[in-house]
Amino acid sequence: MSIIIKNANLFGENIADIKINDEKIEAIGHNLDEKDCEIYDAKNRLTLPGGVDVHTHMSLDLGQYVAVDDFHTGTRAAAHGGTTSIVDHIAFGPKDSYVSEMIKHYHELADGKAIIDYSFHGALQDAREETLRQIEELHKNEGIVSEKIYTTYGGKINDDEILRVLKKAKETGTVVCIHCENDGSIQELRAETEKEGKLDPIYHAKTRPAETEAEAINRLIYLSEIAGFPKLYIVHTSTELGLREIIKARKRGVKNLFCETCTQYLMLNENKYIEGGNEEGIKYIMAPPLRKQSDQDFLWEGIRNGHVNVVATDHCPFFYKTEKLPHKDNFLTCPGGIPGVEERVELIISEGLRRGISLERLIEVLMINPAKIFGLYPKKGNIIPGADADIIVLDKKEYIIKQENRHSIVDYTTYEGMKSDYEVDTVLCRGNFILKDGEYLGKQGYGQFIRRKFNE
């Protein structure tokens, strides 16, 4: 049966009706043919494209710890928050394994579980000839058009390997996502802190200062320049210094450079490591860490003026009571990651509008840009005829975010007590109701894998 959404306040600009047929948007307008259609009245409420979160970590296996949301519970939380598509950053496999093996493993993890549609970024921990060959094969044959590399952690690769990956990405059109932190500096600062016994959560921030991010961003931009400007996507930019490196590079002519930040760097600051003592501060161990208020304000200005392209979440939750709290007196041993996939759309729209940023710009960073950058557009990220009918309806309604109204299985929310000015009320993914007037109708396994491609 077809569906007509009537009286939709589309993009906050005009009231229109949307006709959905066979999972797609068929038409937008007035006086649409209602024969054999289910009618849903949006009642002049804000109606937007489904959110696109291109940075999650479902079931991420760190060895000793595994992120507690799998592709069922994580996408359930995402759907409740108005996100209808995710692109998940997969884990590394064993040291000598290839990225294709982990992609296969992630298909097994997600198939039959996801509530909403999903795809994967590859994760590279070397630049062997077979790895480079697989970048091309995954892009052409599997719809995996993005790969992630790290400049820190155990799976990091060195500059010569990074350059080889960037050159291959330039050849294939693959997006290279980069976690930018200077590993050597961080290791030295952590060793000093451990020796001095300074292990409270605030030292997590002090041992990963803004300079470690900015240096790595600068270095990766110059390596991309050597490689001929492949698509370079800086994940979770958290500092003014880091964003300034991106702005300077663009001004001097660097092309294909994209900047992502995350909800936590826009809504929270490093005071969270101190407020409430170690018991509370340990909740916020993540990399990069929370930053200063001045960094937060500069990132918001980056959204306003177009320097920041995407807001994602880096959703990677671990249980507070059993997996975070035991490390309250030693941040070095705490698993890094926080929940956030449910809160992104509501909080960023609420706070962005409070700051005087246009709704149009917020829709760009939450829906349109991530879909375009990662090969989901025009299927995802917009409300236009022919696109997937991924649509969300929001009530203009103040409510307080609390653990008791969350839908992840993790036992805390990063945003406890924060006020949202909007509440996601209704969610459709490919024309089927996942949430309808607040009632959850999602079905495990409904979500489909998205074979991504660029319309170039």
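All figures in this text were calculated on a predicted structure; none of them were measured in a lab. (Residues numbered from 1 in each chain as written. Predicted model: local features only at pLDDT ≥ 70, side-chain atom pairs only at ≥ 80, totals over all residues. Heavy atoms only, no water.)

1. Some thoughts on helix α13 (residues 344-354)
Of all the eleven residues making up α13, nine are buried; the element is thus mostly covered by neighbouring parts of the structure. Turning to α13, its buried residues are Arg 344, Val 345, Glu 346, Leu 347, Ile 348, Ile 349, Ser 350, Glu 351 and Gly 352. Trailing α13 by a residue or two, Gly 356 shows a phi angle of about 80°, which is positive. (Buried < 20%, exposed > 50% of the residue type's maximum accessible area, 1.4 Å probe, protein only. Helix = DSSP H or I, 4+ residues; strand = E, 2+ residues; numbered from the N terminus.)

2. A word on the packing of aromatic side chains
For the structure shown, the criterion picks out 13 aromatic pairs. A centroid spacing of 5.5 Å and a plane angle of 35° characterise the contact between Phe 120 and Phe 449, whose relative ring orientation is tilted. Pair noted here: Phe 120 is in strand β8 (residues 117-123) and Phe 449 is in the segment after β17 (439-440), with a separation of 329 residues, a long-range link. Owing to a relative accessible area of 0%, Phe 120 belongs among the buried residues under this scheme. Ring centres 4.6 Å apart and planes at 75° place the aromatic pair Tyr 233 and Phe 374 in the edge-to-face group. Here the residue Tyr 233 occupies a position in strand β11 (residues 231-234), and Phe 374 occupies one in the loop between α14 (359-373) and β14 (391-400), the gap between them amounting to 141 residues. For Tyr 233, a relative accessible area of 0% corresponds to the buried category. What links up through ring pairs into an aromatic cluster is the set Phe 71, Tyr 106, Tyr 118, Phe 120 and Phe 449. Positioned over the ring face of Tyr 320 is Lys 283, at 4.9 Å from the centre of the ring. (Phe/Tyr/Trp six-rings, centres within 6.5 Å; stacked < 30°, edge-to-face > 60°. Lys NZ or Arg CZ within 6 Å of the ring centre and 35° of its normal.)

3. Description of the sheet that holds strand β6 (residues 51-56)
Pairing is parallel in the open sheet, where eight strands are placed in the order β6-β7-β8-β9-β10-β11-β12-β13. On the outer flanks of this sheet lie β6 and β13 (310-312), each paired with one strand and no other. Direction aside, neighbouring strands of the sheet carry axes that sit 30° apart on average. Both strand β7 (residues 83-89) and β8 contribute to a ladder of five bridges, which runs parallel. Counterpart to Asp 88 in the pairing with β8 is Phe 120. (Pairing = 2+ DSSP bridges. Axes fitted to C-alpha atoms, helices over the stretch in contact; angles between N-to-C directions.)

4. Observations concerning the pattern of salt bridges
The full count for this structure, using the stated rule, is 41 salt bridges. The salt bridge partner of Glu 279 is Lys 328, with a shortest N-O separation of 4.0 Å. Of this pair, Glu 279 sits in helix α10 (residues 277-281) while Lys 328 sits in the loop between α12 (320-324) and α13, placing them 49 residues apart in sequence. By relative accessible area, which is 36% here, Glu 279 ends up partly exposed. (Salt bridge = Lys/Arg side-chain N within 4 Å of Asp/Glu carboxyl O.)

5. A look at the UniProt feature "domain: Amidohydrolase-related" (unreviewed entry) in the chain
Per the UniProt annotation, the sites labelled "domain: Amidohydrolase-related" (unreviewed entry) are residues 48-432. Secondary structure over residues 48-432 splits into 39% helix and 17% strand, and the C-alpha atoms at its two ends are 15 Å apart. (UniProt positions renumbered as here; feature names shortened; annotations may be inferred.)

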